[in-house]
Amino acid sequence: MNLKQLTTSNKTIKPNFKSGFIAVVGRPNVGKSTLINELIEQKLSITSHRPQTTRHRIHAIDTTDDYQMVFVDTPGIHIGNSKAINSYMNRAASSTIADVDIILWLTEVGKWTKEDSRVLEHIRQVKVPVILCINKIDKLKSAQEVLPFLDKVSQKYQPTDLFPLSVFKKKDICALRELVFQYLPKQALIFDANYITDRSEKFIITEFIREKLMRHLEDELPYDLTVEIEQFEQDGNLQRISACIFVDKASQKNIVIGNKGDMLKLIGTEARKSIEGFLDRKVFLKLWVKVKQGWADDKRALVLLGYD
Ligand SMILES: Nc1nc2c(ncn2[C@@H]2O[C@H](COP(=O)(O)OP(=O)(O)OP(=O)(O)O)[C@@H](O)[C@H]2O)c(=O)[nH]1
Ligand SMILES: [Mg+2]
């Protein structure tokens, strides 16, 4: 494609335009999804204090006059869980590593685990630039404290760049974006300039509902549930959404509903606000809870529930 001829939003794309896929990978809970939301300055990927929040690969697209960065959020690569859904999540992450222009590998300062070593096994196979991000340095009392961890990880692997950061610091996010820009290949837009994700509105909405469930429910319960949209209709400026929360056991249904429906009401209110922010219109959200025993370890059920 001739870059000079490519136009978008009535603007000519610059001849030095850059674009590419940037995988964000790492073990669970290191801050991958939070980083992506900060990089694109929009909430697309769900986050929580719990490991294994992200279940699907999601493209988050940032387009300017100079570049298009397609960040690929991935589930945390993990060990110890052997259900079909865990294999699906690990596969979604490891297959992404093999097929991008740049890798952002996230770890957490001071906490190298067996799962980081598992990620390293995948990273060793790649030939593209790898930026090893040491996240959560805001937890340190002084910047010096990062040095022993930098030493430790450098002995295991020499990335293209080592980049200590806190995802919550704007300065760090800007510096990381500039570093990514350096490694982006010169090429035309991959997606239309108006796209922000490869996922549908319905997908993002099920994720927002699941985020509230991840954040409010305790113990193992959030891992035993999934969300499916049953009705999605626009009525003027009102979006009517009906969604079903599938749990694994009958006893879990009562916990999700809560005492006099309190929990479901809380989840519904918080999810509705997030969805309204995302869609930029009023939302009427109805939530149901149903039991679908064994769904997380049933390959056919997983496909029907969107884990394909
Ligand atoms: N203190 C601190 N906390 C952070 C930072 N970045 C992320 N977190 C927190 O770490 C937790 C996990 O963040 P996520 O973005 O969901 O992590 P993830 O790597 O996407 O996790 P999975 O989807 O489970 O693989 C959340 O509670 C975030 O608020 C950071 O720089 N500093
Ligand atoms: Mg995540």
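Above this text you will find the structure in question.
Residues numbered from 1 in each chain as written. Chains lettered and ligands numbered in written order. Predicted model: local features only at pLDDT ≥ 70, side-chain atom pairs only at ≥ 80, totals over all residues. Heavy atoms only, no water.

Asker: I would appreciate a short explanation of the layout of surface pockets in the present structure.
Answerer: Considering only enclosed or pocket space, the largest pocket measures out at about 400 Å³ in volume. As for the largest pocket, its lining consists of 26 residues, and the residues nearest its centre are N29, G31, T34, S48 and K136. The leading source of residues in the lining of the largest pocket is helix α1 (residues 32-40), at 3 residues. Here the lining of the largest pocket is built from residues that sort into 7 nonpolar, 14 polar and 5 charged. (1 Å grid on protein atoms, 1.4 Å probe; cavity = no way out; pocket = protein on both sides within 12 Å on 5 of 7 lines; lining within 4 Å. Points joined across faces, edges and corners; volume = space filled by probe spheres on them. Helix = DSSP H or I, 4+ residues; strand = E, 2+ residues; numbered from the N terminus. Nonpolar A, V, L, I, M, F, W, Y, C, P; charged D, E, K, R; others polar.)

Asker: Looking at this structure, how should I read the pattern of salt bridges?
Answerer: Side-chain pairs of opposite charge can arise whenever the charged atoms involved come near each other. One pass over the structure, following the stated rule, counts 19 salt bridges. Here D116 makes a salt bridge to R27, at a shortest N to O gap of 2.9 Å. Here D116, found in helix α3 (residues 114-123), pairs with R27, found in the loop between β3 (18-26) and α1; they are 89 residues apart in sequence, far enough to count as distant. When its relative accessible area of 0% is taken as the criterion, D116 is described as buried. The class of R27 is buried, set by a relative accessible area of 7%. A salt bridge links D248 to K249, with the nearest nitrogen and oxygen atoms 3.6 Å apart. With relative accessibility at 13%, the residue D248 sits in the buried group. The exposure class of K249 is partly exposed, given its relative accessible area of 40%. (Salt bridge = Lys/Arg side-chain N within 4 Å of Asp/Glu carboxyl O. Buried < 20%, exposed > 50% of the residue type's maximum accessible area, 1.4 Å probe, protein only.)

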